[in-house]
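# Inside the fold
One letter stands for each residue in the lines below.
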Amino acid sequence: MRLVILSPDYSNRVNWGHQHVRDAILKLLPNRSLQFGEGCEFRGQTHVPSICKTVEKEIGYPDAILMENWKNMSKYTEVSKTSCVKAFVLCDYYPDSRGNYGPYNMLMRRHKIDLAICNTPQVLRNLNWNRREGKVPRSLHGVWVPQGVNTDIFKPRDVAKEYDVMAVFGLVSYIYPKREAVQRLVKKMPNVRALIGDWKTRIIHHRYAEAINRSKIFICSNGINNQVLMKYFEVMASGTFLLTNLPNDYARYGFEPGVHFGVWDDLADLEKKINHYLRHDALREQIARNGMELVRDRYSVEEIAKQTIGAIEGELQ
């Protein structure tokens with residue numbers, strides 16, 4: 001399959017997980033795939049029929065185009081005039097305060113997208129609702145392909161557990177309303193060695209991955225849509241114990257609370273659970289091992305890349 005990816009290069013951005021999946025896709029399609037967009041070799045090219053002609057000279061006319069990031073997607077012109085399958089990775093597609101149904105739906109209609117690759121089960125349900133309501137073409141297909149983790153970066157390391165608790169995450173209050181309160185709670189807990197931070201503290205990329213390994217417990221606080229987050233995969237793939245409030249759709253991923261991660265209900269319960277799991281090393285470490293084995297087996301970027309390619313090939317057929 002000849003594939004063109006229209007996407008920014010996120011290798012140096014804080015949210016670099018999606019780039020790892022794209023890199024894995026490109027490795028699985030050697031000499032038959034190109035990446036266009038911000039930070040890529042063909043930066044500045046926005047007329048998609050012209051991009052397809054450029055590709056045709058090098059590898060033949062593309063069988064499919066894969067687009068990501070709706071802001072970047074809005075820059076491209078005349079996508080609908082190409083004769084290949086048009087696929088789009090659909091993220092953060094919710095009827096919340098961001099109100100992003102409108103921009104996404106407009107772009108999917110304008111570009112005549114054939115396939116929406118949804119990164120959570122809820123995003124797929126939201127897409128199907130919009131399709132039934134006529135907000136997007138009824139011919140548009142949707143498929144759930146989970147997020148993936150780079151298991152070469154997020155992996156067990158032979159390092160000392162320097163921190164009891166790690167609470168490092170983006171602080172965006174209108175999306176993650178409990179995170180600042182979680183950090184305040186952890187800071188005031190006596191006799192708990194804590195690593196607290198957000199992306200402004202630059203605990204990112206390889207530094208972030210190593211800090212996960214140096215922590216006994218990683219605290220997660222889900223957003224307003226209460227979805228499984230990229231952090232789940234990063235932490236569990238590293239072999240560190242994840243303590244999170246219970247997300248929707250966890251069972252769709254094969255996750256079991258108390259088996260693959262710990263769960264907290266409210267701030268008072270979070271404090272109790274931190275103390276409980278710090279006292280019971282064997283239990284905490286066994287749950288962390290279970291989570292690590294599941295995530296590394298099912299959710300590596302290589303596996304997710306194969307699922308993404310399979311979804312596009314299915315649309316071609």
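Please read all numbers here as calculations on a predicted model, not as lab measurements.

## Let's talk about the layout of surface pockets
Of the volumes computed, that of the second largest pocket is approximately 280 Å³. When the residues that make up the lining of the second largest pocket are grouped by side-chain class, the tally is five nonpolar, four polar and seven charged.

## Structural notes on helix α9 (residues 267-279)
For α9, which comprises 13 residues, the first-to-last C-alpha distance of 19 Å matches the rise-based estimate of 18 Å (1.5 Å per residue) to within 8%. The complete set of buried residues in α9 reads Asp269, Leu270, Ile274, Tyr277 and Leu278. Buried residues of α9, seen end-on, are gathered within an arc of 160° and therefore sit on one face of the element. Facing away from the buried surface of α9 by more than 90 degrees, the exposed residues are Lys272 and Arg279. For α9, the elements touching its buried residues are β7 (163-168), α6 (179-188), β9 (215-220), β10 (241-245), β11 (262-264) and α10 (281-298). The N-terminus of α9 is capped by aspartate 266, whose side-chain oxygen sits 3.3 Å from the backbone nitrogen of alanine 268.

## Notes on the nonpolar core
Grouped burial of nonpolar side chains is what soluble globular proteins tend to show. Grouped together as the largest cluster of nonpolar side chains are 84 residues, with contacts concentrated most on Leu90, Met108 and Phe255. With six residues, the top contributor of residues to this core is helix α11 (residues 301-316). When residues no more than four places from it in sequence are discounted, the contact partners of phenylalanine 255 are Val228, Tyr232, Phe233, Met236, Tyr250, His260, Phe261, Leu294, Val295 and Tyr299. Within the second largest apolar cluster, 19 residues are counted, among which are Val182, Leu185, Ile217 and Ile287.

## Quick look at the environment of serine 7
Note that serine 7 resides in the loop between β1 (3-6) and α1 (17-28). Assessed through its relative accessible area of 1%, serine 7 is described here as buried. Sequence-wise, serine 7 and glutamate 38 are 31 residues apart; in three dimensions their C-alpha atoms are separated by 6.8 Å. For serine 7, the residues in contact, after removing those within four places along its chain, are Arg22, Gln35, Phe36, Gly37, Glu38, Cys40, Glu68, Asn72 and Tyr76. Among the polar contacts listed, one links the side chain of serine 7 to the side chain of arginine 22, at a separation of 3.2 Å.

## Section: the packing of α1 against α11
Running from N to C, α1 and α11 point in directions that differ by 65°, and their axes come no closer than 8 Å. In terms of their interaxial angle, α1 and α11 are classed as roughly perpendicular. The crossing of α1 and α11 is right-handed. Contacts from His20, Val21, Ala24, Ile25 and Leu28 in α1 reach Val301, Glu302, Ile304, Ala305, Lys306, Thr308 and Ile309 in α11.

## Section: the side chain of serine 238
Positionally, serine 238 belongs in the loop between α8 (230-237) and β10. Of the polar contacts made by the side chain of serine 238, one reaches the backbone oxygen of glutamate 234; its length is 2.7 Å. Once residues lying within four places of it in the same chain are set aside, the contact partners of serine 238 are Phe154, Lys155, Pro156, Ile212 and Asn213.

## Looking at α6
For α6, the complete set of buried residues consists of Arg179, Ala181, Val182, Gln183, Leu185 and Val186. On its buried face, α6 sits against β7, β8 (194-197), β9, α8, β11 and α9.

## Brief notes about empty space enclosed by the protein
With the rule as written, the count across this model stands at one cavity of 30 Å³ or more. Of the volumes computed, that of the largest cavity is approximately 160 Å³. Lining the largest cavity we find 17 residues, and of these His18, Val21, Val89, Pro146 and Ile304 sit closest to its centre. Mapped onto the lining of the largest cavity, the elements with two or more residues apiece are α1 and α11. Ranked by residue count, the leading element in the lining of the largest cavity is α1, at five residues.

About the criteria used
- Residues numbered from 1 in each chain as written.
- Predicted model: local features only at pLDDT ≥ 70, side-chain atom pairs only at ≥ 80, totals over all residues.
- Heavy atoms only, no water.
- 1 Å grid on protein atoms, 1.4 Å probe; cavity = no way out; pocket = protein on both sides within 12 Å on 5 of 7 lines; lining within 4 Å.
- Points joined across faces, edges and corners; volume = space filled by probe spheres on them.
- Nonpolar A, V, L, I, M, F, W, Y, C, P; charged D, E, K, R; others polar.
- Helix = DSSP H or I, 4+ residues; strand = E, 2+ residues; numbered from the N terminus.
- Expected span 1.5 Å × (residues − 1).
- Buried < 20%, exposed > 50% of the residue type's maximum accessible area, 1.4 Å probe, protein only.
- Arc of directions from axis to C-beta.
- Contact = heavy atoms within 4.5 Å.
- Polar contact = N/O pair within 3.5 Å; in protein donor to acceptor, adjacent residues only side chain to side chain.
- Core = buried A, V, L, I, M, F, W, Y, C linked by side-chain atoms within 4.5 Å.
- Axes fitted to C-alpha atoms, helices over the stretch in contact; angles between N-to-C directions.
- Parallel < 35°, antiparallel > 145°, perpendicular 65-115°, else oblique.
- Left-handed = near helix turned anticlockwise from the far one by under 90°.

Just geometry here; none of it tells us what the structure is for.
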